[in-house]
Amino acid sequence: MAGQLRLTGWAKRCWEPSRALVCGLAAMGLAFLPPALTPSGATAGVVGALVVAVILLAAGAIVYPFEMDTVVSLSGNRLVATHYGLYNTVSGLGITLGNLAIGALWDIAVRRGALWLPWLALTATGLACALSVAALARSGRLGARREPQLVAA
């Protein structure tokens, strides 16, 4: 946890929020790649893959303060609690549906002897999210909406 606080502080000082979001999402997506590439019978390899996964997931946690700021920014500082509520509802639905899908995929992978499949699906999902946020940032849709300013004549 001490490392997460330092890493988040560094990201806030050195990166734009969109870059921190993209890098954090990419790290979280890549965290699932080591288990996908490790043979299930190699105990030391499995432990090593899990350690790398935990480190990448912890590094990816830099997204949390930036995602909260992004919700506030996109809300235009109006109805912030409503926007957070909607964000949390959509996130909860996504988590629930994602868990159901990965559970079903895990069952298929066990039957077919392809235990790498759910891990690869999680990696692809994380990287797709990172690419989507990068595309939104590049298009200018991730920044705050600015209200027209009245200028006194």
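For the structure itself, consult the block above.
(A) Here's a closer look at the side chain of T70. You can see T70 is positioned in helix α5 (residues 63–74). There is a polar contact of 2.7 Å between the side chain of T70 and the backbone oxygen of F66. Contact partners of T70, with chain neighbours within four places excluded, come to L21 and L142.

(B) Layout of the packing of helix α2 (residues 17–30) against helix α4 (residues 43–60). Running from N to C, α2 and α4 cross one another at 160°; their axes reach a closest spacing of 7 Å. Judged by the inter-axis angle, α2 sits roughly antiparallel to α4. Here α2 runs over α4; the crossing is left-handed. Touching G24, A27, M28 and L30 of α2 are L56, L57 and G60, all from α4. Class assignment for the residues of the contact of α2 with α4 results in 5 nonpolar, 2 polar and no charged.

(C) Inspection of the packing of α2 against helix α7 (residues 116–139) at higher detail. The interhelical angle for the contact between α2 and α7, taken along N-to-C directions, is 170°, at an axis separation of 7 Å. With respect to each other, α2 and α7 are oriented roughly antiparallel. Packed against α2, whose contacting residues are S18, L21, V22, L25, A26, G29 and L30, the element α7 presents L122, T123, G126, L127, C129, A130, V133, A134 and A137 at the interface.

(D) Structural context of the layout of surface pockets. When its volume is computed, the largest pocket comes out at roughly 1200 Å³. Around the largest pocket, the lining comprises 30 residues; the ones closest to its centre are L25, E67, Y87, S91 and C129. Here the lining of the largest pocket is built from residues that sort into 18 nonpolar, 10 polar and 2 charged. For the second largest pocket, the calculated volume is near 250 Å³. Lining the second largest pocket are 14 residues, with P35, T38, S40, L115 and W119 sitting closest to its centre.

(E) Geometry of the environment of G24. Looking at the element boundaries, G24 is found in helix α2. G24 sits 19 residues away from T43 along the chain, and the two C-alpha atoms are 28 Å apart. Look past the residues within four positions of G24 in its chain and what remains in contact with it is G60, I62 and V63.

Here is what the cut-offs are and how they apply
Residues numbered from 1 in each chain as written. Predicted model: local features only at pLDDT ≥ 70, side-chain atom pairs only at ≥ 80, totals over all residues. Heavy atoms only, no water. Helix = DSSP H or I, 4+ residues; strand = E, 2+ residues; numbered from the N terminus. Polar contact = N/O pair within 3.5 Å; in protein donor to acceptor, adjacent residues only side chain to side chain. Contact = heavy atoms within 4.5 Å. Axes fitted to C-alpha atoms, helices over the stretch in contact; angles between N-to-C directions. Parallel < 35°, antiparallel > 145°, perpendicular 65-115°, else oblique. Left-handed = near helix turned anticlockwise from the far one by under 90°. Nonpolar A, V, L, I, M, F, W, Y, C, P; charged D, E, K, R; others polar. 1 Å grid on protein atoms, 1.4 Å probe; cavity = no way out; pocket = protein on both sides within 12 Å on 5 of 7 lines; lining within 4 Å. Points joined across faces, edges and corners; volume = space filled by probe spheres on them.

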